[in-house]
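Next come the chains, spelled out residue by residue.
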Amino acid sequence: MRRFFISLLVALVLPLVAGAQAQINTKKVKISDFTEKITKVVLSGNSFFDSYFQEEISSRWRVSPYEFCTLEEFETLKTDDNYYFLLTTKGQFRKEKEPGLQFLVLAKGGKAAEEGISSMLEIVSLPYASAENPSGRELVVMPIFLDIIQHYAVDSMDKDISAYTGLSSYTVNLSKSGNKKIVFSEDDLSGEVTEEIISTYFDKNMCTAQENDADNIFINGTPDILVSYVAAPTDPQNGSYCYKMLIDSQTHELYYYRKHRISKKYGRGFLPEDIKRISSAHSK
């Protein structure tokens, strides 16, 4: 009887212990100290970009204490879990022969960093430009992307679902965009988006604009307008991806975030299926 009682007690206690361990090991818990720890902003070594990046960080970073550091200092500190790191890096997908995109990455330091940046505990990774030939448009959206990263980091501290589902979770915002205008930069539409598709799915609150005009909406922070942005390789390879976004030009909230693999069938930019999905959600 005593042995049975002990076995029963163990059976009852083990699930509680396992549950506690599961809670401790969630990403939400692992990054719960983000706002308290120093974020090391890693400079690239490119004097022009670094000067611009430092200025934007100084004026926009508000969710954690921060310090700037060099790539050499990053290599020394990256295994220290007392630091978080914000850095720019080139990303290469499995089938690509070379990196096609540049990313803004926010990650936590730790022993896993010995295996490389991709092994670090990542909070968020946001593609912002072609790795080979940036257009210059990334400088327009950099302050916006810094806001998106900060917003997502704080959301991930609050909700595990945000921490694990990634930026695509913000696409649910599209259903609340009915009172906003959507402006697509003409260069952000794939060749598969024909005039017929535009005439069928665009309404009075959806339109196209030249890239400079779309960027000026971002720069001016015009209210109640969602503007498109696409990050894709200049010369896509087998295995390259294209990322598509709609961003509120005033609040910098992300309303749409999806990617697709670039192929002979699907080129760079918003595809017809994106337009249909956006039109349907926007008109509700």
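Before reading further, recall that the structure is shown in the block above.
Given the structure is predicted, the values throughout are model-derived calculations rather than measurements.

A. Inspection of the environment of Leu104 at higher detail. Of note, Leu104 is situated in strand S4 (residues 101–108). Remark: the alpha-carbon pair of Leu104 and Met142, spanning 38 residues in sequence, is separated by 9.4 Å.

B. Quick look at the layout of surface pockets. Within this model, the largest pocket holds a volume of roughly 520 Å³. Considering the residues around the largest pocket, the lining is formed by 26 residues, among which Phe103, Val105, Glu122, Ser125 and Tyr243 are closest to the centre. Elements with a contribution of two residues or more to the lining of the largest pocket: strand S3 (83–91), S4, strand S5 (121–130), helix H6 (160–165) and strand S10 (254–261). At four residues, S5 tops the list of elements feeding residues into the lining of the largest pocket.

C. Quick look at the sheet that holds strand S9 (residues 241–248). With mixed pairing, the five strands of this open sheet are ordered in space as S7-S6-S8-S9-S10. With one partner strand each, in any of the chains shown, strand S7 (206–209) and S10 form the two edges of the open sheet. Each neighbouring strand pair of the sheet contributes to a mean axis angle of 20 degrees, computed without reference to strand direction. Contacts from helix H8 (residues 211–220) reach strand S6 (181–185), S7, strand S8 (225–231) and S9, with the element oriented near 120 degrees to S8.

D. Focus on the packing of helix H3 (residues 47–60) against helix H5 (residues 137–158). Where H3 contacts H5, the axes come no closer than 10 Å and their chain directions differ by 45 degrees. One finds that H3 runs oblique with respect to H5. Of the two possible hands of crossing, H3 and H5 adopt the one that is right-handed. The residues of H5 that touch H3, namely those facing Phe48, Phe49, Tyr52, Phe53, Glu56, Ile57 and Arg60, are Leu139, Val140, Met142, Pro143, Leu146, Asp147 and Gln150.

E. Layout of the sheet that holds S4. Spatially, S2-S1-S3-S4-S5 is the arrangement adopted by the five strands of the open sheet, whose pairing is mixed. The sheet is open, and its two borders are formed by strand S2 (66–69) and S5, each paired with just one other strand. Averaged over all neighbouring strand pairs, the angle between strand axes comes to 25 degrees, with direction disregarded. Sheet analysis places S3 next to S4, joined by eight bridges and oriented antiparallel. By the bridge assignment for S4, Gly91 is matched with Leu101. In this fold H3 packs onto strand S1 (38–42), S2, S3, S4 and S5, with an angle of close to 175 degrees to the strand it touches most, S2.

F. Inspection of the nonpolar core at higher detail. Formed by 57 residues in total, the largest nonpolar core has its most connected members in Phe145 and Met245. With 10 residues, H5 is the single largest residue contributor to this core. When sequence neighbours within four positions are dropped, the list of residues in contact with Met245 reads Leu126, Pro127, Phe145, Val227, Ser228, Tyr229, Ala231, Leu254, Tyr256, Tyr257 and Phe270.

G. Fine view of H5. Between its first and last C-alpha atoms H5 spans 32 Å; for 22 residues at 1.5 Å apiece the expected length is 32 Å, and the two agree. If you look at H5, its biggest bend is around 40 degrees, right at Pro143. In terms of burial, H5 is a largely internal element, 17 of the 22 residues being buried.

H. Inspection of the packing of aromatic side chains at higher detail. Overall, the coordinates contain 13 aromatic pairs when judged by the stated rule. Plain terms: the ring middles of Phe145 and Tyr229 are 5.4 Å apart, the flat faces sit at 85 degrees to each other, and that makes the pair edge-to-face. Here Phe145 is found in helix H5, whereas its partner Tyr229 is found in strand S8, with 84 residues between them in sequence. For the residue pair Phe145 and Tyr229, the accessibility class agrees, reading buried in each case. Grouping aromatic residues by their ring pairs yields a cluster made of Phe184, Phe202, Tyr256 and Phe270. Lys259 extends its terminal NZ or CZ atom over the ring of Tyr241, reaching a point 4.6 Å from the ring centre.

I. The pattern of salt bridges, seen in detail. Following the criterion strictly, the structure yields 12 salt bridges and no others. In this structure, Arg62 engages Asp147 in a salt bridge whose closest nitrogen and oxygen atoms are separated by 3.1 Å. Note that Arg62 is positioned in the loop between H3 and S2 and Asp147 in helix H5, a separation of 85 residues in sequence. What makes Asp147 buried here is its relative accessible area of 8%. The shortest N-O distance in the salt bridge between Lys180 and Asp224 comes to 3.4 Å. You can see Lys180 sitting in the loop between H6 and S6 and its partner Asp224 sitting in the loop between H8 and S8, a full 44 residues away along the chain. Residue Lys180 is classed as buried on the basis of its relative accessible area of 10%.

What counts, and where the lines are drawn
Residues numbered from 1 in each chain as written. Predicted model: local features only at pLDDT ≥ 70, side-chain atom pairs only at ≥ 80, totals over all residues. Heavy atoms only, no water. Helix = DSSP H or I, 4+ residues; strand = E, 2+ residues; numbered from the N terminus. 1 Å grid on protein atoms, 1.4 Å probe; cavity = no way out; pocket = protein on both sides within 12 Å on 5 of 7 lines; lining within 4 Å. Points joined across faces, edges and corners; volume = space filled by probe spheres on them. Pairing = 2+ DSSP bridges. Axes fitted to C-alpha atoms, helices over the stretch in contact; angles between N-to-C directions. Contact = heavy atoms within 4.5 Å. Parallel < 35°, antiparallel > 145°, perpendicular 65-115°, else oblique. Left-handed = near helix turned anticlockwise from the far one by under 90°. Core = buried A, V, L, I, M, F, W, Y, C linked by side-chain atoms within 4.5 Å. Buried < 20%, exposed > 50% of the residue type's maximum accessible area, 1.4 Å probe, protein only. Expected span 1.5 Å × (residues − 1). Bend = angle between axes of the 7 residues up to and from the residue. Phe/Tyr/Trp six-rings, centres within 6.5 Å; stacked < 30°, edge-to-face > 60°. Lys NZ or Arg CZ within 6 Å of the ring centre and 35° of its normal. Salt bridge = Lys/Arg side-chain N within 4 Å of Asp/Glu carboxyl O.

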